[in-house]
Amino acid sequence: MKLLSRSEEFVLLAVWKLQDRAYSLPIRKQLSDITGYAWSLSSIFTPLERLVKKGLLTSHLTEATPERGGRHKRIYQLTPQGRQALIRMRDVEQAMWSGVTRLALERGSG
Amino acid sequence: MKSRRHDTPPPLAEALLGWLLKDAWQTPLGDFEEFYHELATVRGARRARWWYRGQVLRLLPDRLYEKTYWHTIMLQNYFTSAYRTLLKNKVASFINLFGLSVAVACSIVVYVFLQNYLTIDRFHENGETIFLVEHTVEQDNELQTWGTSPMPLGPVLAATFPEIERSVRLNSRGGLVQYEGGIFEERIVFADEGFFDMFTFPLAYGSPAALSDPSAVILSREMAYKYFGQEPALGKQLTFSFGNDHTETFTVQGVAEAFPDNRGFYFNFLINYDKQRDLGGERLDDWAVFTSATFIQVRAPKDMEALAARMTPYVALQNAANEEWTVQSFLFDNLRHPASDAYMVQGRVAEAAHPGFILMLLAIPLVMLALSCFNYVNISLGASVRRLREIGVRKVMGSTKMQLVLQFMAENLLLCFLSLLLGLGIAWGFLVPLFNGVFVNQITLSLTENLGLWFFLVGLLAVVGFASGAYPAFYIASFQPVVIFRGNYTLARKQWFTRAFLTVQFVLAFITVISGVYTTLNGRYLLRQDWGYPADQTLVVRINGSDQFTRLRNEIHQHPNVVEVAGSEHHVGESLGGAVVDIEGVKKNMRYYGVGPRYFEALGLRLASGRFFDEHLNVDAASDAVINRAFAEAEGWTEPIGQTLRVDGTIYTVVGVVEDFLMHPMLRDRPIFFLPSGEQPYQYLSIRLQAGTAAATAAALEPVWKRLFPDAPFSFFFQDDVFDIHYQSYANLAEAFSYIAALALLISCMGLFGLASQNIARRLKEVSIRKVLGASVPSVALLVNRGFLTMLAVAAAIASPVCYFGLTALFTAFDARALHLPMGPDLFIFSYTLIFVTAALSVAMQARTLVTANPADVLRGE
């Protein structure tokens, strides 16, 4: 399987973390909070769409709520492949980071 | 949140966003709104709103591109399929294309003509402040308005009223123009010096100031070309002769630029007004003499009403000078905005647009457009049967009704656009030259200079496209796929619609054909008229005054071929005089001929009772008048001899009644009379010849004339040619009518052909079964075409009375006494036969399919 892009990776993780509250706005909020960078709504939609296309996410609509102008929410969920992708991602990242300490990075030499 | 207003995102932006995102994108729209609220609470409503708007703007370019992209693809697809359909149904496409392009060509020509006709004389820059002086007078028991005015009126008004900036009089008269041996009869216009200040007639060469020079003449471009060709005209000498042998040489001091197509009055030769005093002894200060037109230019048009109210003293002044012509009032009519009834004004220098004529002209393209649009509707409805499956499949595949409508409209628009191009071509290459050849008014078809034409063409495309395409498109697009595929769909419900259209088409075809046939037959009828005298034995020479008359008569009256010689001021078929006649206190505006002794004998007019003028008549003291039989009948005189007429203050006694004779190709029994004329105003010398010597005498006459009058043109005609111009213009009219009738019939029959072919294709199976069961070909042919026959019969029944009463009314409008062919059954039978045969021929080609189709082939299919 090809590696995911950073934004896709983050969005996928956020969906996993948020579980059944995972729709565009909380995802955006979580990413913004953690990264400290103001993610725009559209920068969330694109990775979400791609992940759905790749079969890593599915989505369903909830009942309409008044604070959204009577419109539905689209809640995202991980598919089994999505979970597999997270597992693989975690493995790869840990392997990549192994042996790299923060101290060493701050000192400037291995 | 600060206020209610900020509870929701900006409505306009929200609506735009909703439009940009399709239905499937409603969820993100919700996200946006929720985020908006979040932002509003954290950062304030203003920031949130600007954010929302920003989001919409950022979305806009991409989504717009996507939307138009797909629409363009779809549009392309519409036109591709339209193009293929047109190619596939070649016959139907040709019928539609032909009809529409002919109709478009007619419309274009009529449009361009009306553009000129409705803006006659509007190009004068001072038009708003220029007024024509008219007067009203009571004649024949009705109030008439005339466009002429007394000669001194203009200068008097300009001198009296400070509101008037200047006055310009025009007077037009005939004369001979001589240059290097060539002699031509021309109309010469005399105008006051302010002419070029008042009117916008720019000069190409020379100065407008030349008009104040009494020895100068200013030419139109056409005349400069006629006399001098490519040579410069300025400084050339032209010799003018007016009546009474007065000859004078003028120097060309100006040449006008080409006049616009919409000029009403104009000039060929322009000479200073006061010059008339020297030339023909015109009494320029006499209130009893009228000039062709007086224009005044005022400083403010709003003063005109007050001015008109102050005209009463001039009415009195005029009537004191001229008892026979008692003016009721003077009026002013603006040059640019003439009164709505200006076309009724008599003797107006520039004829105003006549509403009847406009309506008649409009009728031609409207009939053609209606015919071809009906064809289109009928043929598309008929063809839709064959396309039912296509429509069904398209619908099942998810095409919306609107998309289908668009597709059919695209087909229609493509066809209309092609017809527009073709129509432009027909108009440019054929109709405009034809028009300019037949009519005096010239038209120019120019897409670069005529901006209005562009708007007209676009409008025409829209109107024709909508009129022909809208109904079929909506009708066809509304078929239900389920009904189509079940296979028992019939169009029977809508057949009355098609039939009504076809009937209307044929009503129009009948009307045009009957009119065309009638005009042609009537032309022949007029040619066959008994003239009331043997016209082939009279030769007429155009002369000028008593000197020419006396010398020529003395020279020729001894000639063996000459039986009789007479002079006259007017001449039957050529010219007439007008006079106010007072019979027992009733004033009438009537026509008369001023003739010398022996004129009746020279022409061969027949005497009904009494006597003709005495041969040794002393015209100055004469009070004899001869009337025609119609005159006596109109007055109800059983004993006309001895009755009296008062003409111009002189009392005449009727001494003879002449049998009615043809005075105009269409007039025989209009009341008319003859007065004795002195030799001074003679314009014609009529010679009665031995039968069969006409050509020889004319040849013998010419050298005599050349010897006697080397400086004057020899101009003569045979009396039996005198109506040729009328006959020719009547023949042109008949030809135009026949063209229109032929086109209308052709377009209608093409429509019939299209429908018949569809009808037969639809019923081929039924007909084959009938044939198998033993039906004969004629009976089957009758069965299939019975519907068409009924329609033709109904159309004939509607059109015949319309034509009968319409044509009768038309002749009555020209003159209640106008000669015309009585409309008998033969006219109608001939027209019916013509149409029925043409219609039968167009259907017969289809009927062949019936005869030749082998039932086995047709029925085997399924």
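Predicted, not measured: the structure shown is a model, and the values here were computed from it.

**Thoughts on the overall build of chain A**
In terms of regular secondary structure, chain A is built from five helices and two strands. Order of helices (α) and strands (β) in chain A, N terminus to C terminus: α-α-α-β-β-α-α. For a compact globule of 110 residues, the expected C-alpha radius of gyration is about 13 Å, and chain A comes in at 16 Å, more than 25% above that figure. With the principal axes as the frame, chain A shows a C-alpha extent of 55 × 30 × 20 Å. Across the 110 residues that make up chain A, the buried fraction comes to 25%. Sequence-distant contacts, at least 24 apart, represent 45% of the contacts inside chain A between residues at least 6 apart.

**Overview of the overall build of chain B**
When helices and strands are counted, chain B shows 24 helices and 24 strands. Against the globule reference of 29 Å for 862 residues, chain B gives a C-alpha radius of gyration of 37 Å, more extended than a compact globule. Its C-alpha atoms put chain B at 115 × 90 × 55 Å along the principal axes. Considering only residue pairs separated by 6 or more positions, chain B has 81% of its internal contacts joining residues 24 or more positions apart.

**Considering the domain arrangement of chain B**
You can read the domains of chain B as domain 1 (4-72), domain 2 (127-351), domain 3 (356-526 + 726-860) and domain 4 (545-711). Summarising the inter-unit geometry, the C-alpha centres of domain 1 of chain B and domain 2 of chain B are found 73 Å apart.

**Details of helix 1 (residues 6-18) of chain A**
All names here are of chain A. Helix length check: helix 1, at 13 residues, gives a terminal C-alpha distance of 18 Å against a target of 18 Å (1.5 Å per residue), a fit within 8%. On its buried face, helix 1 sits against helix 2 (24-35), helix 3 (41-53), strand 1 (57-61), strand 2 (74-78) and helix 4 (80-97). A positive phi of about 50° marks Gln19, the residue just after helix 1.

**Examining helix 2 of chain A**
All names here are of chain A. The first and last C-alpha atoms of helix 2 sit 16 Å apart over 12 residues, in line with the 16 Å expected at 1.5 Å per residue. Three or more residues of helix 2 are buried, namely Ser24, Ile27, Arg28, Gln30 and Leu31. One side of helix 2 carries all its buried residues, which in axial view fall inside an arc of 165°. Gly36, located one to two residues past helix 2, shows a positive phi value of around 70°.

Procedures and definitions
- Residues numbered from 1 in each chain as written.
- Chains lettered and ligands numbered in written order.
- Predicted model: local features only at pLDDT ≥ 70, side-chain atom pairs only at ≥ 80, totals over all residues.
- Helix = DSSP H or I, 4+ residues; strand = E, 2+ residues; numbered from the N terminus.
- Rg over C-alpha atoms; globule rule 2.2 N^0.38 Å.
- Buried ≥ 20, exposed ≤ 12 C-beta atoms within 10 Å, placed from the backbone.
- Contact = placed C-beta atoms within 7 Å.
- Domains from an automatic or database assignment.
- Expected span 1.5 Å × (residues − 1).
- Arc of directions from axis to C-beta.

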